[in-house]
Amino acid sequence: ERLFAGAIGSLIRWQQASRPGVLPDYDEAVLRRELALFPEWYVARVLARAFSPDEQRLWDALQQLLLDSNLGEAQVYVHRDYMPRNLLVGPDGRLGIVDFQDAVMGPVTYDIASLMRDAFWTWDDDFVIDITIRYWERARVAGLLNHGDWANDFGSFFKAVEWMGLQRHLKILGIFARLSLRDGKPKYLADTPRFIQYARATAGRYIELKPLLRLLDAIEGE
């Protein structure tokens, strides 16, 4: 908890420093390219199948739901891989951050979603919610959450975090498949079940995303 508190503090300072025109925009074109990795690499190459016409329509509708949510947020500096293995504790206890070369200007929920739905560690839901609430409390005081009812409604904010996280989960399924199959790094494929579970858990919590559960069942033969 102490280390995560430090990670939250560093993240908020990073977001407060945001200025337009400094970093590339994490815009719709980039988000769509990332989502396209899921059918291109995970579905087509790992599962060796293609979407049927009905599945493609379902996928297109799901993409639009996620994009509408993601793009409607306040824009801040986004590290893009803000997770424990990129956070280093120095001898004086201060936090150092590495692997920020892909930083962009994008949705305010991205880095907290990345921190709490880690690529290599799974935290239980109580811990995820506890740390996310701590971020929410500090971020709204810092004036970072002046969007809709986020400053007063944690549930509304947490939904946006989860939907941002879902975009990331689907992207990473494609990236890990590509790393394994194209780049000869098979260890990444072993981590894909974590992201399928993340995606299923998120889709199961929101009625608008239930079609994703049907799509995952169909492509995985369940």
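Check the entry above for the structure.
Residues numbered from 1 in each chain as written. Predicted model: local features only at pLDDT ≥ 70, side-chain atom pairs only at ≥ 80, totals over all residues. Heavy atoms only, no water.

Colleague: Is there a simple way to explain the overall build of the chain in this structure?
Modeller: Counting its regular elements, the chain contains eight helices and four strands. In summary, the chain has a C-alpha radius of gyration of 17 Å against a globular reference of 17 Å for 222 residues, a match within 12%. Accessible surface, the chain as shown: approximately 10600 Å² in total, 54% of it carbon and sulfur. Charged side chains in the chain number 27 positive and 31 negative. The centres of these two groups are separated by 4 Å. (Helix = DSSP H or I, 4+ residues; strand = E, 2+ residues; numbered from the N terminus. Rg over C-alpha atoms; globule rule 2.2 N^0.38 Å. Areas by Shrake-Rupley, 256 points an atom, 1.4 Å probe, with all protein chains shown as cover. Lys, Arg positive; Asp, Glu negative; His and termini not counted. Charge placed at Lys NZ, Arg CZ, Asp CG, Glu CD.)

Colleague: Any chance you could explain the pattern of salt bridges here in plain terms?
Modeller: Side chains that carry opposite charge are capable of pairing whenever their charged atoms lie near each other. Using the criterion set out here, one finds 17 salt bridges in the structure. When the shortest N-O distance is used, the salt bridge between lysine 171 and glutamate 34 registers 3.7 Å. In this pair, lysine 171 is assigned in helix H6 (residues 154–181) and glutamate 34 in helix H2 (residues 28–46), connecting sequence segments 137 residues apart. Among the ionic pairs, arginine 200 bridges to aspartate 217, the shortest N-O distance being 2.9 Å. Highlighted residues: arginine 200 in helix H7 (residues 192–205) and aspartate 217 in helix H8 (residues 210–220), separated in sequence by 17 residues. (Salt bridge = Lys/Arg side-chain N within 4 Å of Asp/Glu carboxyl O.)

Colleague: Which parts of the structure should I look at to understand the side chain of glutamine 63?
Modeller: Structurally, the position occupied by glutamine 63 is in helix H3 (residues 53–71). Apart from the residues lying within four places of it in its own chain, the contact partners of glutamine 63 are Arg32 and Leu35. (Contact = heavy atoms within 4.5 Å.)

Colleague: Looking at this structure, how should I read the nonpolar core?
Modeller: Generally speaking, a soluble globular protein has its nonpolar side chains buried in company with each other. Counting 65 residues, the largest nonpolar core has Phe38, Tyr135 and Phe157 as the members making the most contacts within it. Residue contributions to this core peak at 13 residues, all from H6. If we ignore the near neighbours within four places in the chain, the residues touching phenylalanine 157 are Thr109, Ile112, Thr132, Tyr135, Trp136, Leu145 and Trp150. (Core = buried A, V, L, I, M, F, W, Y, C linked by side-chain atoms within 4.5 Å. Buried < 20%, exposed > 50% of the residue type's maximum accessible area, 1.4 Å probe, protein only.)

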